[in-house]
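Chains, contacts and geometry: an overview
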Amino acid sequence: MLLSQTLVPTLRETPSDADVASHVLLLRAGCIRQLASGLYSWLPIGLCVLRKIEVIVREELARAGAQEILMPVVQPAELWLESGRWDVMGPEMMRMRDRNDRDYALAPTHEEVVSDLIRKAIVSYKQLPCNLYQINTKFRDEIRPRFGLLRAREFVMKDGYSFHLDDASFELTYQAMFDAYSRILNRIGLDFRAVDADPGTMGDGESHEFHVLAESGEDAIAFSPASSYAANVEKAEAVATGDLDKPALTLEKKPTPDVRTIDDVAQLFQVAAKQTIKTLVVKGTSSLVGLVLRGDHQLNEKKASRLPEVAQPFEFASEDEIRAALACGPGSIGPVNLHVPFYVDRSAAIVSDFICGANEDGFHFTGANWKRDATATRVVDIRNVVEGEPAADASGPLKFIRGIEVGHIFKLGTKYTAPMNVTIQDAKGVSRELIMGCYGLGISRLVAAAVEQCHDDEGIIWPEAIAPAMLHIVAINYSRSDAVRAAAHDLYDRCLDAHIDVFLDDRDERPGVKFADADLLGLPHRVIVGERNLAEGRLEYSYRRSELELVTPTQVLERLQS
RNA sequence: CGGAGUGUAGCUCAGUCUGGUAGAGCACCGUCUUCGGGAGGCGGGGGUCGAAGGUUCAAGUCCUUUCACUCCGACCA
């Protein structure tokens with residue numbers, strides 16, 4: 001590309017509404033422009049990157065046996081009513097009506113549409129397994145779009161779906177997709193980690209996320225350096241170490257006016273927070289439900305929302321509801337004499353002589369103990385793991401890193417095929433619900449994730465595999481020097497002949513501007529064409545901002561092709 | 001949804017408290033000089049000051065409403 005003829009509106013200053021590195025740099029490098037909250041236009045070189053990722057994704061999915069299709073972004077409500085998700089999805093799914101007053105949704109995902117497609121198009125088990133994918137625009141009306149492309153409302157996603165007659169077939173494809181994702185991220189050149197994950201609203205089965213490691217990642221990953229164990233903190237199992245000690249203290253009710261938080265309690269009684277017990281109150285299926293945790297632990301809502309007596313969707317009880325049901329405020333609740341059902345976290349269930357709310361405003365119990373003072377009948381894992389505690393596979397202490405979730409693959413079972421009646425007769429003529437898998441990969445998010453991982457203060461440092469071009473030719477004094485112009489175009493043409501993507505900065509700009517933009521755009525190879533060295537037939541070459549070295553044009557081609 | 005902040009030129013921002021002709025730097029156009037890390041001179045173009053309503057002789061500035069964007073939170077026992 002000739003930069004003089006390409007829309008690359010680089011920005012000298014950081015736009016005021018961009019915060020994270022990828023957002024700032026993609027804007028400054030002229031890759032994207034924001035239209036509205038969570039909505040972005042792709043400019044030529046940003047689109048180059050997006051397309052390069054798509055090529056890699058297509059190649060690896062083809063290798064893994066998936067077929068590309070394209071499905072509508074506007075979807076009739078009927079399908080979503082059929083799967084039961086029309087009401088479950090909430091305002092995240094954008095809805096609209098057509099001129100005939102029919103309800104539609106803007107696709108947040110495509111399970112329903114692909115399931116409908118399969119039940120109509122697949123007529124024999126001999127056509128199975130079937131593994132389809134598309135690269136398409138999705139729309140999710142996020143609670144809070146942020147971080148530019150990392151959490152946009154409209155975004156480009158590769159979503160794949162596979163259908164199988166039996167588990168064995170499904171597992172083969174699931175593993176093939178897992179491997180394909182690993183290959184894709186390796187080819188792009190990103191540092192990533194595949195982890196056990198919580199499937200959220202997508203399903204109930206196993207799932208794995210693929211995270212690009214970056215400090216700015218929204219997710220925390222717990223992993224064991226001593227083993228292959230890695231899980232999203234949302235999912236990582238928290239184990240309780242030790243046993244319940246014998247009670248040493250007697251139960252006493254102490255006045256605790258104005259004490260509302262665990263910090264207050266620990267401060268007042270001069271004990272560590274881990275010696276206290278806190279009780280959260282949430283809405284349940286038939287009454288309010290208590291969730292009992294050690295004072296220093298954090299509730300994991302994903303885990304808690306899976307408990308049978310906890311209402312869906314997960315919601316904390318309001319102070320009014322708590323007062324109506326328990327006759328005290330939320331700061332004074334405890335498991336002793338609690339008159340609603342409650343679950344006790346594993347770690348909370350082995351604390352002895354603890355301090356907890358007395359279910360009476362202004363009072364706490366000290367010296368409380370399980371069995372004697374309160375019964376923990378439902379002991380479950382409902383907290384977040386903490387860095388340094390033992391991993392669930394007993395391999396040693398956990399460490400945390402942050403990641404950007406770029407891929408998520410799910411074992412859906414018959415969650416969609418059952419309600420949508422996606423069945424096929426097997427070889428014996430028995431009608432079977434198909435086993436389904438779902439495989440998402442955020443293409444536009446990958447662009448941002450790559451920038452998060454690959455940049456410095458001056459600009460982007462694109463991984464070679466997805467760089468908008470391989471070579472950036474900085475032509476110094478382009479418009480006045482015939483020699484520079486000739487040499488720059490000679491190199492440019494040789495690259496084109498060799499099918500090497502190349503940018504030539506042929507703009508009538510001062511050198512400083514061109515250097516700064518080259519840094520911002522971050523192509524792997526750079527050549528400076530200037531009269532200074534042209535007399536000796538030399539160009540200045542650098543790779544990924546390394547020191548300049550003097551080389552001939554032929555040597556540049558060799559570097560590019562090696 | 002709750003809280004906070006910001007909306008003035010393409011970009012970054014002054015000006016708002018204390019009402020009185022719309023500003024700067026960069027960018028853009030012309031021109032001269034300069035030419036290896038975001039140059040300098042001279043001249044120029046560009047604004048319904050987010051929108052609507054109100055107060056006032058007079059509103060970017062005060063009041064009311066509203067919209068947009070950003071940030072924090074949606075864990076509190």
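Details of the structure are given in the entry above.
Residues numbered from 1 in each chain as written. Chains lettered and ligands numbered in written order. Predicted model: local features only at pLDDT ≥ 70, side-chain atom pairs only at ≥ 80, totals over all residues. Heavy atoms only, no water.

What about the overall build of chain A?
Going by this rule: Where helices and strands are cited, they refer to DSSP runs of H or I of at least four residues and of E of at least two residues respectively, numbered from the N terminus. Note on classification: 1.4 Å probe, protein chains only; a residue is buried when its accessible area is under 20% of the maximum for its type, exposed when over 50%, partly exposed between these limits. The Shrake-Rupley method, run with a 1.4 Å probe sphere, supplies the accessible areas, and residue values consider only the shown protein chains as cover. The sign given to each residue is positive for Lys and Arg and negative for Asp and Glu; His and the chain ends receive no count. One atom stands in for each charge, and that atom is NZ of Lys, CZ of Arg, CG of Asp or CD of Glu.
Within chain A one finds 14 helices and 28 strands. Taken across its 562 residues, chain A has 53% of its residues classed as buried. A total of about 25200 Å² of accessible surface is found on chain A, and carbon and sulfur atoms cover 49% of it. Here chain A contributes 62 positive and 83 negative side-chain charges, whose respective centroids are spaced 1 Å apart.

Let's talk about the protein's contact with RNA strand B
For the record, the criterion: Any residue with at least one heavy atom within 4 Å of a molecule or strand is counted as near it. For the purposes of these results, a polar contact is taken to be a pair of N or O atoms within 3.5 Å, where, inside protein, one atom must be able to donate a hydrogen and its partner to accept one; residues adjacent in sequence count only when each atom of the pair is a side-chain atom. Amino acids are sorted into nonpolar (Ala, Val, Leu, Ile, Met, Phe, Trp, Tyr, Cys and Pro), charged (Asp, Glu, Lys and Arg) and polar (every other residue, Gly among them).
Near RNA strand B lie 48 residues; those nearest to it are R12, L280, L299, F316 and D519. Among the atoms of RNA strand B close to the protein, meaning within 4 Å, 45% are from sugar or phosphate groups. One nitrogen or oxygen atom from the main chain of S16 is found 2.7 Å from a phosphate oxygen belonging to RNA strand B. For RNA strand B, a base nitrogen lies 3.2 Å from a polar atom in the side chain of D517. For the surface near RNA strand B, the secondary-structure elements that each account for two or more residues are β1 (32-36), β14 (277-283), α12 (511-521) and α13 (531-534). The dominant element in the surface near RNA strand B, judged by the number of residues it contributes, is α12, at 7 residues. Taken together, the residues that form the surface near RNA strand B break down as 18 nonpolar, 14 polar and 16 charged.

Looking at the nonpolar core
Here is a general trend for soluble globular proteins: nonpolar side chains tend to be buried in one another's company. To keep things clear, this is the line we draw: Only buried residues count toward a nonpolar core. Its members are Ala, Val, Leu, Ile, Met, Phe, Trp, Tyr and Cys residues joined through side-chain atoms within 4.5 Å. Any two residues whose heavy atoms approach within 4.5 Å are treated as being in contact.
Of all hydrophobic cores here, the largest spans 61 residues; its most connected members are L26, I53, L446 and W462. The element best represented in this core is helix α6 (residues 167-188), accounting for 8 residues. Other than its neighbours up to four places away in sequence, L26 contacts C31, I32, L149, V447, A448, V451, I460 and W462. M71, A105, V114 and M202 belong to the second-largest nonpolar core, a separate cluster that totals 28 residues.

Thoughts on the packing of helix α1 (residues 21-28) against helix α10 (residues 443-453)
Stated precisely, the cut-off is as follows: Inter-axis angles, ranging from 0 to 180 degrees, are taken between N-to-C directions of lines fitted to C-alpha atoms, where helices are fitted over the stretch in contact. For classification purposes, angles smaller than 35 degrees are called roughly parallel, those larger than 145 roughly antiparallel, those between 65 and 115 roughly perpendicular, and all remaining angles oblique.
The geometry of α1 relative to α10 is characterised by a closest axis approach of 8 Å and an angle of 105 degrees between their N-to-C directions. When the interaxial angle is binned, α1 and α10 end up roughly perpendicular. Along the contact surface, α1 presents A21, S22, L25 and L26, while α10 presents V447, A448, V451 and E452. A breakdown of the residues in the contact of α1 with α10 according to their chemical character gives 6 nonpolar, 1 polar and 1 charged.

What to know about the packing of aromatic side chains
For clarity, the threshold we go by: Any Phe, Tyr or Trp ring, taking Trp's six-membered ring, that has another such ring centre within 6.5 Å forms a pair; planes under 30 degrees apart are called stacked, those over 60 apart edge-to-face, and the others tilted.
Per the stated rule, a full pass over the model turns up 7 aromatic pairs. A centroid spacing of 5.3 Å and a plane angle of 90 degrees characterise the contact between F314 and F316, whose relative ring orientation is edge-to-face. Its relative accessible area of 37% is what places F316 among the partly exposed residues. Judged by centre distance (5.2 Å) and plane angle (45 degrees), the rings of F354 and W370 are tilted. Residue F354 is found in strand β17 (residues 354-357), and its partner W370 is found in the loop between β18 (363-368) and β19 (378-380); the two are separated by 16 residues along the sequence. Note on accessibility: F354 and W370 belong to one class, buried.

Some details on helix α7 (residues 262-269)
Note the threshold: Note that the arc is computed from the directions linking the helix axis to the C-beta atoms.
Listed as buried for α7 are I262, V265 and A266. Each buried residue of α7 lies within a common arc of 95 degrees when the element is viewed along its axis, so the set occupies one face. Pointing more than 90 degrees away from the buried face of α7 are the exposed residues D263 and Q267. Against the buried residues of α7 lie β14, β17 and β18.

A word on the environment of A236
Its place among the elements puts A236 in the loop between β12 (230-232) and β13 (252-255). Judged by its relative accessible area of 0%, A236 is buried. The residues contacting A236, other than those within four sequence positions of it, are A222, Y229, A231, K303, D381 and V385.

A look at the pattern of salt bridges
Quick reminder of the rule: Salt bridges are identified by distance alone: a Lys or Arg side-chain nitrogen within 4 Å of an Asp or Glu carboxyl oxygen.
A complete count under the given rule lists 44 salt bridges for this structure. Among the charged side chains, a salt-bridge network with shared partners connects E59, E60, R63, R183 and R187.

Looking at the pairing of β14
Formally: For two strands to pair, DSSP has to find at least two bridges joining them.
Of the pairings in the sheet, the one linking β14 to strand β15 (residues 288-294) comprises 7 bridges and is antiparallel in character. Paired with V282 across the two strands is V289, which belongs to β15. The turn joining β14 and β15, which pair antiparallel and follow one another in sequence, is formed by 4 residues.

Digging into unusual backbone geometry
Following L128, the chain continues into P129 via a peptide bond in cis, with omega recorded as -5 degrees. Mapped onto the elements of the fold, P129 is located in the loop between α5 (111-121) and β7 (130-139). For D101, which is not glycine, the phi dihedral falls at a positive 70 degrees. Of note in this structure, F147 is not a glycine but carries a positive phi near 60 degrees. Considering the arrangement of structural elements, one finds F147 in the loop between β7 and β8 (154-164). Given a relative accessible area of 25%, F147 falls into the partly exposed group.

Regarding the side chain of H110
Here H110 is to be found in the loop between β6 (103-106) and α5. According to the relative accessible area criterion, H110 is buried, its value standing at 0%. There is a polar contact of 3.1 Å between the side chain of H110 and the side chain of K138. Here H110 is in contact with M71, P72, Q75, Q134, N136, K138, D159 and Y161, once residues within four sequence places are set aside.

Note that all results are geometric; they support no functional claim without further evidence.
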